[in-house]
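Descriptive analysis of the structure
Spelled out, the chains give:
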Amino acid sequence: MIRVENLNKTYDRRTRHANKVIHGMSFTLPDRGFVCILGASGCGKTSLLNAIGGLDSFDSGKIITDTAEIKRAGSRTMERERNSSFGYIFQNYYLLSEHSAAYNVYIGMHSMPISKKEKAKRVTDALRRVDMLRYKKRPVGNLSGGQQQRVAIARAIARAPKVIFADEPTGNLDEANTMNICTILKELSKESLVVMVTHEQRVAKFFADRIITLEDGNIISDTTSWRRGTMDAGEKDAIYTDEYSESKVEADGISIRVLSGADAEPVALSVV
């Protein structure tokens, strides 16, 4: 749980060019789920994400988690919370391009008080979860944009964070990779809180459990109810399964994956 109380943020606060980007925001985020912070460029969404995630300062207000009450960015309390509970995914990946995918995930745990053996295990597990284990020895500079973002997600989840902050993680990706990345984040949101900044309404309305919409540094909407949109998967393996139950039927060299809703009508299928 994260509770934000009366948060304010101003750039160049003590100059005549002062720009207030967060105006007394208050809201509570759950332990799990996929929350999208939506809004046009310059509305304050990245500033809000960075303030909550401990990557930037704020003027006043406080941020309360299950284990801490933070009244000042950069404090030891915030540093402890950030190191122990938060993971980050960025639009530009911030990977070491000349190093392998495995090393990039490993180095993300450098400050964690766990053994090298445990870190190596987490590297393998995280890369497997994002379907990148077969590329573990490849320099990330030789990977595609979608593959690099998967490595960045693996770096975040290897830390086993309670909260994953994602700042426009699909901003540099095409439709198919956007679908793939958001599907991974949606799956992660079943066990952690995922807070994603985006300006793309269709992405938010398709994947999110909750959408907080900003305008000029203010919250203008905070909802869990809207008409869910549609997206084109773009490739056969990129499919968001929502709340469908899944089963498989295998016979005579044919494997059929069945996704069905609770009230789905029976379907007869013949395969020749």
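For the structure itself, consult the block above.
Residues numbered from 1 in each chain as written. Predicted model: local features only at pLDDT ≥ 70, side-chain atom pairs only at ≥ 80, totals over all residues. Heavy atoms only, no water.

Here A166 shows up in strand 7 (residues 163-167). Using a relative accessible area of 0% as the deciding quantity, one classes A166 as buried. Residues contacting A166, with those up to four places away along its chain left out, are L49, I89, V195, M196 and V197. (Helix = DSSP H or I, 4+ residues; strand = E, 2+ residues; numbered from the N terminus. Buried < 20%, exposed > 50% of the residue type's maximum accessible area, 1.4 Å probe, protein only. Contact = heavy atoms within 4.5 Å.)

Looking now at the packing of aromatic side chains. Describing an aromatic ring pair means giving the distance of the ring centres and the angle of the ring planes. Scanning the entire structure with this criterion turns up five aromatic pairs. Between Y88 and F90 the ring centres are 6.3 Å apart and the planes differ by 10°, which places this aromatic pair in the stacked class. What makes Y88 buried here is its relative accessible area of 16%. A ring pair is formed by F206 and F207, whose centres lie 4.9 Å apart and whose planes are at 80°; its orientation type is edge-to-face. Under the relative-accessibility criterion, F207 is labelled buried at 0%. Grouped by ring-pair contacts, the aromatic residues F86, Y88, F90, Y94 and F165 constitute a single cluster. The side chain of K119 reaches across the aromatic face of Y106, ending 5.8 Å from its centre. (Phe/Tyr/Trp six-rings, centres within 6.5 Å; stacked < 30°, edge-to-face > 60°. Lys NZ or Arg CZ within 6 Å of the ring centre and 35° of its normal.)

Moving on, we get to helix 5 (residues 145-157). With 13 residues, helix 5 extends 19 Å between its outermost C-alpha atoms, agreeing within 8% with the 18 Å of an ideal straight helix rising 1.5 Å per residue. Those residues of helix 5 that fall on the buried side of the exposure criterion are G146, Q147, Q148, Q149, R150, V151, A152, I153, A154, R155, A156 and I157. Buried-residue contacts for helix 5 involve strand 6 (86-90), helix 3 (101-107), helix 4 (116-129), strand 7 and helix 6 (175-188). (Expected span 1.5 Å × (residues − 1).)

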